[in-house]
Amino acid sequence: MAGGEKVDYVFKVVLIGDSAVGKSQILARFARNEFSLDSKATIGVEFQTRTLLIDHKYRAVTSAYYRGALGALLVYDITKRQSFDHIPRWLEELRGHADKNIVIMLVGNKSDLEDERAVSTEDAKEFAEKENLFFLETSAMQATNVENSFQTVLSEIFKIHSKKNI
Ligand code: GDP
């Protein structure tokens with residue numbers, strides 16, 4: 001991780017959501033792989049992505065996948081209604097397997113494709129508020145809000161876990 005550079009903490013963050021919503025591109029955009037938080041600590045991030053819609057028969061695989069993850073980006077495509085409609089299943093999956101304090105950001109990717117929008121910002125925001133998730137719309141293509149998504153999740157993880165003196 002973090003190219004062997006010296007960091008103070010390493011947090012595992014997973015990216016999940018339906019296939020083709022843009023998880024790989026979000027990761028590619030977020031290439032720098034390291035943050036400084038208030039110049040107090042440098043944080044490295046270990047990433048894993050999961051592309052396929054979960055089915056119950058994959059449960060054994062899933063537990064290992066989520067183990068140790070302190071943050072998650074739950075990604076849908078704003079032009080694909082189905083990818084948003086599957087979010088509750090992904091969330092249930094995540095909450096069933098991950099650390100109970102996991103920090104979750106709902107990410108509506110492909111915000112550059114406004115003309116093809118199939119999920120309103122209001123619907124997503126409402127869902128995020130109901131489920132206590134952070135929420136941002138991103139464009140991996142235009143580099144909009146990608147850094148912001150990771151920064152928000154990492155800052156929150158840091159806040160939670162620095163209280164526990166990790
Ligand atoms: P994954 O299966 O979730 O990892 O999805 P990918 O990252 O492979 O992206 C799927 C497709 O969506 C690719 O053709 C990407 O180029 C495209 N894509 C990803 N992010 C964006 C974005 O922000 N805007 C647009 N217009 N296309 C995107």
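Predicted, not measured: the structure shown is a model, and the values here were computed from it. (Residues numbered from 1 in each chain as written. Predicted model: local features only at pLDDT ≥ 70, side-chain atom pairs only at ≥ 80, totals over all residues.)

Participant: Please set out the overall build of the protein chain residue by residue, giving values where relevant.
Facilitator: Of regular secondary structure, the protein chain possesses 6 helices and 6 strands. Starting at the N terminus and walking to the C terminus, you meet the elements of the protein chain as β-α-β-β-α-β-α-α-β-α-β-α. Considering the protein chain as a whole, with its 166 residues, one finds that 38% of them fall into the buried category. (Helix = DSSP H or I, 4+ residues; strand = E, 2+ residues; numbered from the N terminus. Buried ≥ 20, exposed ≤ 12 C-beta atoms within 10 Å, placed from the backbone.)

Participant: Outline the confidence of the model for the protein chain, listing residues and values.
Facilitator: Residues at a pLDDT of 70 or more form 74% of the protein chain, whose mean pLDDT is 82. Counting contacts from residues 52-59, a segment whose pLDDT is below 50, to residues more than four positions away or on other chains yields 6 contacts. Here the predicted complex carries an ipTM of 0.99, next to a pTM of 0.86. (pLDDT = per-residue confidence, 0-100. Contact = placed C-beta atoms within 7 Å.)

Participant: Talk me through the site of the ligand; I want residue IDs and the actual numbers.
Facilitator: The environment of the ligand is made up of 15 residues, and the closest members are Gly22, Lys23, Ser24, Gln25 and Met141. Among the elements that make up the shell around the ligand, the one with the highest residue count is helix α1 (residues 23-29) (3 residues). Partitioned by chemical class, the residues of the shell around the ligand number 5 nonpolar, 7 polar and 3 charged. (Near = placed C-beta within 6 Å. Nonpolar A, V, L, I, M, F, W, Y, C, P; charged D, E, K, R; others polar.)

Participant: Now, about the pairing of strand β4 (residues 69-77): what can you tell me, with residues and values included?
Facilitator: The buried count for β4 comes to 9 of 9 residues, which makes it a mostly enclosed element. With 5 bridges connecting them, strand β1 (residues 9-16) and β4 associate as parallel partners. When the sheet's bridge partners are listed, Lys12 is paired in β4 with Ala69. Bridging between β4 and strand β5 (residues 103-109) involves 7 bridges; their strand directions are parallel. For Leu74, the partnering residue across the bridge sits in β5 and is Leu106. (Pairing = 2+ DSSP bridges.)

Participant: Tell me about the nonpolar core, residues and numbers included.
Facilitator: Among the nonpolar cores identified, the biggest contains 40 residues, and Ala72, Leu73, Leu74 and Leu94 are the most heavily contacted of them. Elements that contribute at least two residues to this core include exactly β1, α1, β4, α4 (87-97), β5, β6 (134-137) and α6 (146-163). For this core, the element with the highest residue contribution is β4, accounting for 7 residues. Setting aside residues no more than four positions away along its own chain, Ala72 makes contact with Val13, Val14, Ile16, Leu94, Ala98, Ile102 and Ile104. (Core = buried A, V, L, I, M, F, W, Y, C linked by C-beta atoms within 7 Å.)

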